[in-house]
Amino acid sequence: MAETGTIYLVGAGPGDPDLLTLRAARLIERAELIVHDGLVDPAVLALARPDATLVSVAKQRSKHTLPQEDINALLVREAQAGRDVVRLKGGDPLVFGRGGEEAEAAQAHGVPVEIVPGISAANGAAAAAQIALTHRDAASIVTFVAGQCKGLKNQDWAGLAGPGRTLVIYMGVKTAPQIAEKLMEDGLAPETPMAVVENGARPQMRVLRGMLAGLPDLVTRENVVSPALIVIGDVTAREDAAIAQLALEKSL
Ligand code: SAH
């Protein structure tokens, strides 16, 4: 029987191949089998060997994403057949990436698994948009939440956003109206600054700024598409503040 292969759960970062870790880049370049999801940028996949087998488990128009159990089974089956598998996931594999479930499936079958971290969308988008997630003058707490998940309505987000805090919402474009409402119901001021970063750290990035109350309108008006992050908190207004200050100084 062939020796069991290893499953590498690899973070592909926000898109730009320059933002891969060296370990991720080496694994991708050497892989014979890559199983990737839809968020992985084609520029990253282009690093693979021409003879590598690339399997997409992404959402297709008529078909839904391969169910998670099927992905787990595929990874385990390939490893048990003796192949190393590079399981490539957007951002970091352990941030809203279901990497934990894949690691557990591997462990349950005695398949060795290694996890290679990646730059999560929050870090990539914040850097590209020049939004400090924490800032001595504006925020010393940062929270990542999923805006589309089981029981969003019943989740307690109270206290996650507000003065001195930054809230980063993944997968929140579709549920933006419910999110804005939920946060304001929790007592957040309607004029709390926020930014939407669409295609963060990619060439077509858009950074749209506004106030919490205007979030649903902004998403519709600007036709925001996935992938996008919603960042809520004073840190999103600092760049504007700096520019306004500069303009003021120049006009004096
Ligand atoms: N594991 C990934 C997150 C997967 S959930 C990570 O660590 O980044 C998918 C969500 O991530 C998207 O709906 C979007 O909210 C966010 N996202 C991923 N890539 C992004 C990008 N380049 N710009 C903005 N948001 C992104």
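Residues numbered from 1 in each chain as written. Predicted model: local features only at pLDDT ≥ 70, side-chain atom pairs only at ≥ 80, totals over all residues. Heavy atoms only, no water.

Now for the sheet that holds strand β8 (residues 193-198). Strand order in the open sheet formed by 5 strands is β6-β7-β10-β8-β9, with mixed pairing between adjacent strands. Across the chains shown, the open sheet's two edge strands, defined by having one partner strand only, are β6 (139-146) and β9 (206-211). With strand direction ignored, the average angle separating the axes of adjacent strands in the sheet is 20°. Where strand β7 (residues 164-170) and strand β10 (residues 228-232) come together, 3 bridges link them in antiparallel fashion. Counterpart to V168 in the pairing with β10 is V231. (Pairing = 2+ DSSP bridges. Helix = DSSP H or I, 4+ residues; strand = E, 2+ residues; numbered from the N terminus. Axes fitted to C-alpha atoms, helices over the stretch in contact; angles between N-to-C directions.)

On to the packing of helix α3 (residues 68-80) against helix α4 (residues 99-108), then. Contact pair α3 / α4: the axes reach a minimum separation of 9 Å and the direction vectors enclose 45°. Taken together, the axes of α3 and α4 are oblique relative to one another. Considering how the two elements wind past one another, α3 and α4 form a crossing that is right-handed. Residues Q68, I71, N72, L75 and V76 of α3 lie in contact with α4, whose contacting residues are E101, E102, A105 and A106. Grouping the constituent residues of the contact of α3 with α4 by class yields 5 nonpolar, 2 polar and 2 charged. (Parallel < 35°, antiparallel > 145°, perpendicular 65-115°, else oblique. Left-handed = near helix turned anticlockwise from the far one by under 90°. Contact = heavy atoms within 4.5 Å. Nonpolar A, V, L, I, M, F, W, Y, C, P; charged D, E, K, R; others polar.)

This part is about the nonpolar core. Of all hydrophobic cores here, the largest spans 23 residues; its most connected members are W157, L167, I169, L183, V196, L215 and I232. Looking at this core, the elements that each hand over two or more residues are β7, α6 (176-185), β8, α7 (215-221) and β10. Counting residues per element, this core draws most heavily on α6, at 4 residues. The next biggest cluster of nonpolar side chains, apart from the first, holds 18 residues, and it includes V10, L20, A48 and L88. (Core = buried A, V, L, I, M, F, W, Y, C linked by side-chain atoms within 4.5 Å. Buried < 20%, exposed > 50% of the residue type's maximum accessible area, 1.4 Å probe, protein only.)

Geometric values such as these leave the question of function open.
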